[in-house]
Amino acid sequence: DLLAPPKFLERVETCIEHLNTSLLYKQNDRRAVLEFRKFYAAYLRGVPNISKVRAELMTYDTIEAVRDRLGRLREESIEQGFAQNVGEALVVEVDH
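If you're wondering where the values come from, they're calculated on a predicted model, not measured in any experiment.

**A look at the packing of helix H1 (residues 8-26) against helix H5 (residues 63-79)**
- The geometry of H1 relative to H5 is characterised by a closest axis approach of 9 Å and an angle of 165° between their N-to-C directions. With respect to each other, H1 and H5 are oriented roughly antiparallel. In this structure, H1 crosses over H5, and the sense of that crossing is left-handed. Residues Phe8, Leu9, Val12, Glu13, Cys15, Ile16, Leu19, Asn20 and Leu23 of H1 form the contact with H5, whose participating residues are Ile63, Val66, Arg67, Leu70, Gly71, Leu73, Arg74, Ser77 and Ile78.
- Considered class by class, the residues forming the contact of H1 with H5 number 12 nonpolar, three polar and three charged.

So this is what it looks like as structure tokens:
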């Protein structure tokens, strides 16, 4: 039997954990953030309207900014009941 794909909320939480682990190994905030950019697409794949959030994440170069944005994305998904499966539209707030 195949496992069900992870729910969106689980993917965001795993992304945050992965980022924190990356920081432990890199021991340099900026380097960890820049090298982590390649993973956003995989973690956020398949979610309608998420491209603006991915683009926003790509502009950050501090760990605090990335953690803050991922935390807000996590909260937005909980508020909208989007902790279920991917494929539904998620309304996200984009920083300008």
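**Some thoughts on the pattern of salt bridges**
- As enumerated under the stated definition, the model contains nine salt bridges in all.
- Two residues, Lys26 and Glu35, come together in a salt bridge whose shortest N-O distance is 2.8 Å.
- For Lys26, a relative accessible area of 29% puts it in the partly exposed group.
- The exposure class assigned to Glu35 is partly exposed, which follows from its relative accessible area of 31%.
- For Arg72, the salt bridge is made with Glu56, and the minimal N-O distance between the two is 3.9 Å. With Arg72 in helix H5 and Glu56 in helix H4 (residues 51-59), the pair connects residues that are 16 residues apart, well separated along the chain.
- Through salt bridges that share partners, Glu56, Asp68, Arg69, Arg72 and Glu76 make up one connected network.

**Description of the packing of H4 against H5**
- Between H4 and H5, the least distance of the axes is 10 Å, while the angle of their chain directions is 165°. As far as their axial angle goes, H5 and H4 are roughly antiparallel. Like other packed secondary-structure pairs, H4 and H5 cross with a definite hand, here right-handed. In this structure, H4 uses Val53, Glu56 and Leu57 to contact H5, whose residues at the interface are Val66, Arg69, Leu70, Arg72 and Leu73.

**Details of the packing of aromatic side chains**
- Following the criterion strictly, the structure yields three aromatic pairs and no others.
- Between Phe36 and Phe39, the ring centres sit 5.2 Å apart and the planes meet at 50°, which makes this aromatic pair tilted.
- The class for Phe36 is buried, based on a relative accessible area of 0%.
- Taking the centre distance of 5.6 Å and the plane angle of 70° together, the rings of Phe36 and Tyr40 count as edge-to-face.
- When its relative accessible area of 1% is taken as the criterion, Tyr40 is described as buried.
- Put simply, the rings of Phe36, Phe39, Tyr40 and Tyr43 pair up and form one aromatic cluster.

The rules behind each value
Residues numbered from 1 in each chain as written. Predicted model: local features only at pLDDT ≥ 70, side-chain atom pairs only at ≥ 80, totals over all residues. Heavy atoms only, no water. Axes fitted to C-alpha atoms, helices over the stretch in contact; angles between N-to-C directions. Helix = DSSP H or I, 4+ residues; strand = E, 2+ residues; numbered from the N terminus. Parallel < 35°, antiparallel > 145°, perpendicular 65-115°, else oblique. Left-handed = near helix turned anticlockwise from the far one by under 90°. Contact = heavy atoms within 4.5 Å. Nonpolar A, V, L, I, M, F, W, Y, C, P; charged D, E, K, R; others polar. Salt bridge = Lys/Arg side-chain N within 4 Å of Asp/Glu carboxyl O. Buried < 20%, exposed > 50% of the residue type's maximum accessible area, 1.4 Å probe, protein only. Phe/Tyr/Trp six-rings, centres within 6.5 Å; stacked < 30°, edge-to-face > 60°.

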